[in-house]
Amino acid sequence: MPKYFVKNGLIHRYPVPYECEVTYEGEETYDYLSDVPDGYSICNDCTFHSNDLYSDCVSHMNSSHIAYISENIPEYRPEE
């Protein structure tokens, strides 16, 4: 499972994918995107190669979070 770290104001994936030019130099790593402090954007090069950041985030949500999203955000409701 990938980890995440912050460098140059962006969230990067660890291990760093080939497409990203950042070098990991011992920065603090986080197991989940939700553990990274607020205020950072995700690196486009790491996002492209992350397999599915959405699945990584959702897999750590509990059923009440998912129900809230489904009930309150129309674009996430299953089509009827």
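Look up: the structure comes first, before these words.
These notes cover the structure that comes with them. (Residues numbered from 1 in each chain as written. Predicted model: local features only at pLDDT ≥ 70, side-chain atom pairs only at ≥ 80, totals over all residues. Heavy atoms only, no water.)

Some details on the environment of Pro2
Phase 1 of the analysis: Within the secondary structure, Pro2 sits in the segment before strand E1 (3–7).
Phase 2 of the analysis: The spacing of Pro2 and Tyr32 is 30 residues in sequence and 8.5 Å in space, taken between C-alpha atoms. (Helix = DSSP H or I, 4+ residues; strand = E, 2+ residues; numbered from the N terminus.)

Observations regarding the pairing of E1
Phase 1 of the analysis: Judged from the 5 bridges that link them, E1 and strand E2 (residues 10–14) form a sheet pairing that is antiparallel. Across the sheet, the residue bridging to Val6 is Ile11, located in E2.
Phase 2 of the analysis: Between E1 and E2, which pair antiparallel and follow one another directly, the connecting turn spans 2 residues, one of which, Asn8, has a positive phi of 55°.
Phase 3 of the analysis: In this sheet, strand E3 (residues 29–30) lies alongside E1 in antiparallel orientation, the contact comprising 2 bridges. Along E3, the bridge assignment pairs Tyr4 with Tyr30. (Pairing = 2+ DSSP bridges.)

With respect to the sheet that holds strand E4 (residues 41–42)
Phase 1 of the analysis: One open sheet accounts for 4 strands, arranged E3-E1-E2-E4; its pairing is mixed. Across the chains shown, the open sheet's two edge strands, defined by having one partner strand only, are E3 and E4.

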